[in-house]
Amino acid sequence: LILVQTRFPHMGLLLLVGTIAFLLATLLTPMVRGAARRYGIVDKPDQLRKLQSNAIALGGGLSVLSAFVITCGIALITAPEAMVYVRNNWHLILAISISLVGFADDAWTIRGRQKLAAQVLIGLFLCFSGLQIHEVTLFSFKIQLGWMAIPVTLLWLAGTSNALNLIDGSDGLCSTVGIIVCAAISAMAYYGDHHAE
């Protein structure tokens, strides 16, 4: 714990913020689920990709998004030093935007090309607001992307978003894979000393 606190001076604060976000998401999820069922925003089984036995409420991302926004607001008001990890307010706005695209798909089933166009547009805004992948490390080899930074960043953003969405054919599969992926990326970032700055 001392080592972690030394490498990440705001770790205690970040753990508190993360715990608040988790508790808020846990409390908000039943409310969002109830509203989704009330308004018919559900995923019905079709025995092809959707293998669940009953209709499952959609829009769960809204509870996560709401918890994220509320927690950022609390952190900004009570502990401004926590926001040292948010370099650009546009990132928050664009995170909300991409989440709303996902909700629109849940509620109205927008076409794939329309959703992809929205994701690419939001990705471009992210790239030009400063979020770009400039370097890729494979084992001990570092590859400088140069002019390929924007295309690779767009591919990463759109690819990861749709990869999780496309495997969501069984209740709980997407969230479980998401947890595993996030845990793996966190471990690699920790041991590679690529923590948030």
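Before reading on, note that the structure itself is shown above.
If you're wondering where the values come from, they're calculated on a predicted model, not measured in any experiment. (Residues numbered from 1 in each chain as written. Predicted model: local features only at pLDDT ≥ 70, side-chain atom pairs only at ≥ 80, totals over all residues. Heavy atoms only, no water.)

Draft legend 1. Spotlight on the overall build of the protein chain. A count of helical and extended segments in the protein chain gives seven helices and four strands. Starting at the N terminus and ending at the C terminus, the protein chain contains elements arranged as α-α-β-β-α-α-α-β-β-α-α. Taking all 197 residues of the protein chain together, 21% fall into the buried category. In the protein chain, the share of contacts with a sequence separation of at least 24, taken over all contacts with a separation of at least 6, comes to 55%. Roughly 13400 Å² of accessible area belongs to the protein chain as shown, and the carbon and sulfur atoms make up 70% of that amount. (Helix = DSSP H or I, 4+ residues; strand = E, 2+ residues; numbered from the N terminus. Buried < 20%, exposed > 50% of the residue type's maximum accessible area, 1.4 Å probe, protein only. Contact = heavy atoms within 4.5 Å. Areas by Shrake-Rupley, 256 points an atom, 1.4 Å probe, with all protein chains shown as cover.)

Draft legend 2. Broad picture of the packing of aromatic side chains. By the definition in use, this model includes one aromatic pair. Ring centres of Phe103 and Trp108 lie 6.4 Å apart, and the angle between their planes is 75°; this geometry places the pair in the edge-to-face category. (Phe/Tyr/Trp six-rings, centres within 6.5 Å; stacked < 30°, edge-to-face > 60°.)

Draft legend 3. Fine view of the side chain of Asp105. Looking at where Asp105 falls in the secondary structure, it is placed in helix α4 (residues 89–108). Residues contacting Asp105, with those up to four places away along its chain left out, are Ile110, Lys115 and Asn165.

Draft legend 4. Representation of the pairing of strand β3 (residues 135–138) in the model. Bridge count for β3 against strand β4 (residues 141–144) is four bridges, and the pairing is antiparallel. Bridged to Leu138 within β4 is Phe141. In this antiparallel pair of consecutive strands, β3 and β4, the connection spans two residues, and Phe139 shows a positive phi of 55°. (Pairing = 2+ DSSP bridges.)

Draft legend 5. How the structure looks around unusual backbone geometry. Positive phi outside glycine occurs at Thr109, with the angle close to 50°. Along the chain, the position of Thr109 falls in the loop between α4 and α5 (112–128). Thr109 gets classed as exposed once you look at its relative accessible area, which sits at 63%.

Note that all results are geometric; they support no functional claim without further evidence.
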